[in-house]
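Spelled out from the first residue to the last, the chains are:
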Amino acid sequence: MPAISIDRGQRRVSIDARDPAFFRDPLAAYAEIHAQCPAFFWEERQQWYFAGYDDVNALLRDRRFGRQILHVATREELGLPSPKPHLKDFDALEEYSLLELEPPAHTRLRTLVNRAFVSRQIEQLRPDIERLSHGLIDGFADDGEVELLKTFAEVLPVTIIARMLGIPVEAAPDLLDWSHRMVRMYVFNPSYETELDANRASADFATYLRGVIAEKRRKPGDDLLTHMITSEKDGERLSEAELASTAALLLNAGHEATVHQIGNAVKTILQSRLSANELFVTEAATQLTVEECLRFAAPLHIFQRYALSDVELDGGITLRKGDKIGLLLGAANVDPKKFATPNVFQPTRDEGANVSFGAGLHFCIGAPLARLELKLSLPILFERLPNMRLKCEPDVKDAFHFHGLERLDLIW
Ligand code: HEM
């Protein structure tokens, strides 16, 4: 159990997010938080956090909060520091990221890419995902052991999202490298070196994407990037910067979380000692198993929102315009008010949706794709390698936001 101190009366919690006991097993700390004060001021972070399912679900949908604040206030007004010059390229690539926009800019971009990600479209990828899963397993099935993240969990999602966008699959190693270096920015207090490196990765990524976009303009294909280049919304096309931002977000978001979800799911199922044959016996059982993996072993534990105006929340929590709040998706998924015996992996449960894909305006656009990748790849993996087991207890990454494994060594 991590060192956690809770002042219930003042609703203050002190916990070090870099404490291995915490990031290895945040569910234990969440149980304490749920029992004592699910809405709390996190001392180390100096802001309010919410762990309760109903709070997280409602605040994600609450239009008094947004992912962005600079559309309703200036930096000066809010006392925010100026952008850091050494993050120029990183900021430029984030500028038109759907995740960082609010309506109407968000609506315009989201509408344009949404069609490609609706379930009907995504279903067409089924044979591709199945073939790729089998092909990757063929590569190591006879070895008796494998490190699953590098050989499988990482390759599958990046290949699929690159194909969807019409990006050459040979670029996958670069895409993974740029993406890993950029997402390190989302840990608490990234170091100067992390920032510099993320900026360099963003510059290289943007140069690469601009090259692909120019190529698509010359030679349009039957892919999402071409669709984004040629589509018009209200007589307007996407600018070069909007195209690069959107492509970068889709590529990064299209694999970072899914990699960890595949890893977390395999570990969870193996440690549960439940029979994979039963977990995946029918499509309906597989669906329940995937949802329980998403609930119990979510890869993304926290997202933030800005108060867009002064807000008074229930329970006397007062926020000023520009204040940030933290929404603990990973904790909401184990709220005992919503899920009975929440810290037990129990794929037969039917207590409603988890919040692993968020909710409201920014609800994960890739949820149907991620779900299909999980629904197909997990049963194939367990069917092809029925005797696989953990070689050792896998190490969890030192990054509270991205709950995932360093590596996942399996033997059979
Ligand atoms: C298990 C895998 C995944 C998880 C757990 C996940 C989770 C999330 C969450 C929680 C959000 C909302 C963030 C917020 O409200 O601030 C989000 C947004 C988003 N996700 Fe995913 N995601 C996954 C896979 C994917 C995939 C495969 C794609 C592929 C395109 C994707 C693309 C996006 C995009 C573009 C957004 C921003 C949507 C918006 O702001 O309107 N995600 N994701």
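Fair warning: this is a prediction, and the values are worked out from it, not measured in the lab. (Residues numbered from 1 in each chain as written. Predicted model: local features only at pLDDT ≥ 70, side-chain atom pairs only at ≥ 80, totals over all residues. Heavy atoms only, no water.)

Asker: Explanation requested: the overall build of the protein chain in the structure shown.
Answerer: When helices and strands are tallied, the protein chain shows 19 helices and 12 strands. Taken over C-alpha atoms, the radius of gyration comes to 21 Å for the protein chain, in line with the 22 Å a tight globule of 412 residues would show. Overall, the protein chain is about 60 × 55 × 40 Å in size when its C-alpha atoms are taken along their principal axes. Carbon and sulfur atoms make up 50% of the accessible area of the protein chain, which totals about 18,800 Å². Averaged over its 48 positive side-chain charges, the protein chain has a centre that lies 2 Å from the centre of its 61 negative ones. (Helix = DSSP H or I, 4+ residues; strand = E, 2+ residues; numbered from the N terminus. Rg over C-alpha atoms; globule rule 2.2 N^0.38 Å. Areas by Shrake-Rupley, 256 points an atom, 1.4 Å probe, with all protein chains shown as cover. Lys, Arg positive; Asp, Glu negative; His and termini not counted. Charge placed at Lys NZ, Arg CZ, Asp CG, Glu CD.)

Asker: Please explain the sheet that holds strand β7 (residues 302-307) as it appears in this structure.
Answerer: Sheet strands associate in pairs through backbone hydrogen bonding, adopting either a parallel or an antiparallel arrangement. Pairing within the open sheet is mixed, and its 7 strands lie in the order β1-β2-β3-β4-β10-β7-β5. In the strand order of this sheet, the two ends are held by β1 (4-7) and β5 (65-66), each with one partner. Across 5 bridges, β7 lies against strand β10 (residues 324-328) in antiparallel orientation. Bridged to Y306 within β10 is K324. Against the sheet, helix α2 (residues 26-36) touches β1, β2 (12-15) and β3 (39-42), its axis set at about 10 degrees to β1. Sheet strands touched by helix α3 (residues 53-61): β3, β4 (47-50), β5, β7 and β10. Its angle to β10, the strand with the most contacts, is close to 130 degrees. (Pairing = 2+ DSSP bridges. Contact = heavy atoms within 4.5 Å. Axes fitted to C-alpha atoms, helices over the stretch in contact; angles between N-to-C directions.)

Asker: Can you walk me through the layout of surface pockets in this structure?
Answerer: For the second largest pocket, the calculated volume is near 750 Å³. What lines the second largest pocket is a set of 31 residues, and nearest its centre among them are R184, V187, K397, D398 and A399. Sorting the residues of the lining of the second largest pocket by element identifies α9 (148-153), α11 (172-183) and α15 (256-272) as the ones contributing at least two each. Take the lining of the second largest pocket: its biggest share by element is 3 residues, from α15. (1 Å grid on protein atoms, 1.4 Å probe; cavity = no way out; pocket = protein on both sides within 12 Å on 5 of 7 lines; lining within 4 Å. Points joined across faces, edges and corners; volume = space filled by probe spheres on them.)

Asker: Looking at this model, I keep getting lost on helix α6 (residues 105-117). Mind explaining?
Answerer: For an α-helix the count is 3.6 residues per turn, leaving residues at separations of three or four pointing the same way. The end-to-end C-alpha separation of α6 is 19 Å, in line with the 18 Å expected for 13 residues at 1.5 Å each. Along α6, the helix axis deviates most sharply at T111, where the bend reaches about 35 degrees. Those residues of α6 not exposed but buried are H106, R108, L109, R110, L112, V113, A116 and F117. (Expected span 1.5 Å × (residues − 1). Bend = angle between axes of the 7 residues up to and from the residue. Buried < 20%, exposed > 50% of the residue type's maximum accessible area, 1.4 Å probe, protein only.)

Asker: Can you help me understand the site of the ligand in this one?
Answerer: As a structural note, the neighbourhood of the ligand is formed by 28 residues, with R67, H106, R305, H362 and C364 the closest of them. Interatomic distance of 2.7 Å between a side-chain N/O atom of R110 and an oxygen atom of the ligand. A distance of 2.6 Å separates an oxygen atom of the ligand from a polar side-chain atom of R305. Listing elements by their share of the shell around the ligand, those giving two or more residues are α6, α14 (240-253), α15 and β7. (Near = heavy atom within 4 Å. Polar contact = N/O pair within 3.5 Å; in protein donor to acceptor, adjacent residues only side chain to side chain.)

Asker: Looking at this structure, how should I read unusual backbone geometry?
Answerer: Peptide bonds are, in most cases, trans, and in most cases residues other than glycine have a negative phi. Residue P104 is bonded to the preceding P103 through a cis peptide linkage, with omega at 5 degrees. Tracing the backbone shows P104 in the loop between α5 (88-94) and α6. Positive phi outside glycine occurs at Q46, with the angle close to 55 degrees. Following the sequence through the fold, Q46 ends up in the loop between β3 and β4.

Asker: Would you take a moment to explain the environment of F65 for this structure?
Answerer: Relative to the elements of secondary structure, F65 occurs in strand β5. Given a relative accessible area of 4%, F65 falls into the buried group. Distance in space between the C-alpha atoms of F65 and H180 is 28 Å, their sequence separation being 115 residues. Beyond its immediate stretch of four places on either side in the chain, F65 contacts L59, E102, R305, Y306, A307, L308, V311, L313, L319 and I325.

Asker: What should I look at first to understand the nonpolar core in this one?
Answerer: The nonpolar side chains of a soluble globular protein tend to be buried with one another. F117, I167 and V266 are the most contacted members of the largest nonpolar core, which has 109 residues in total. The biggest single contributor to this core is helix α19 (residues 367-384), with 10 residues. W48, I325, F339 and V355 belong to the second-largest nonpolar core, a separate cluster that totals 21 residues. (Core = buried A, V, L, I, M, F, W, Y, C linked by side-chain atoms within 4.5 Å.)

Asker: I'm lost on the sheet that holds strand β6 (residues 145-147) in this one. Help?
Answerer: Ordered in space as β6-β12-β11, the 3 strands form an open sheet in which the pairing is antiparallel. The open sheet is flanked by β6 and β11 (389-390), the only strands paired with a single partner. When β11 meets strand β12 (residues 409-411), the two strands line up antiparallel, connected through 2 bridges. When the sheet's bridge partners are listed, R389 is paired in β12 with I411.

Asker: Quick question: what am I supposed to make of the packing of helix α10 (residues 155-165) against α19 here?
Answerer: Between two packed helices, the angle of one axis relative to the other and the distance separating the axes together describe the packing. Where α10 meets α19, the axes come as close as 11 Å, and the angle between the chain directions of the two elements is 135 degrees. Relative to α19, the element α10 is oriented oblique. For the crossing formed where α10 meets α19, the hand is right-handed. Facing α10, whose interface residues are L156, P157, I160, I161 and M164, α19 presents L369, E373 and S377. Here the contact of α10 with α19 is composed, by residue class, of 6 nonpolar, 1 polar and 1 charged. (Parallel < 35°, antiparallel > 145°, perpendicular 65-115°, else oblique. Left-handed = near helix turned anticlockwise from the far one by under 90°. Nonpolar A, V, L, I, M, F, W, Y, C, P; charged D, E, K, R; others polar.)

Asker: I would appreciate a short explanation of the pattern of salt bridges in the present structure.
Answerer: Side-chain pairs of opposite charge can arise where the charged atoms are in close proximity. Tallied over the entire structure, the rule returns 28 salt bridges. Put simply, E77 and K321 hold a salt bridge, and the shortest N to O gap is 4.0 Å. Of the two residues, E77 sits in helix α4 (residues 75-78) while K321 sits in the loop between β9 (317-319) and β10, which places them 244 residues apart along the sequence. With relative accessibility at 29%, the residue K321 sits in the partly exposed group. Residue R349 pairs with E351 through a salt bridge whose shortest N-O separation is 2.6 Å. Judged by relative accessible area, which is 10%, R349 ranks as buried. Here the salt bridges share partners, and the residues they tie into one network are D177, R181, R184, D197 and R200. (Salt bridge = Lys/Arg side-chain N within 4 Å of Asp/Glu carboxyl O.)

Limitation: the analysis is restricted to geometry and does not speak to function.
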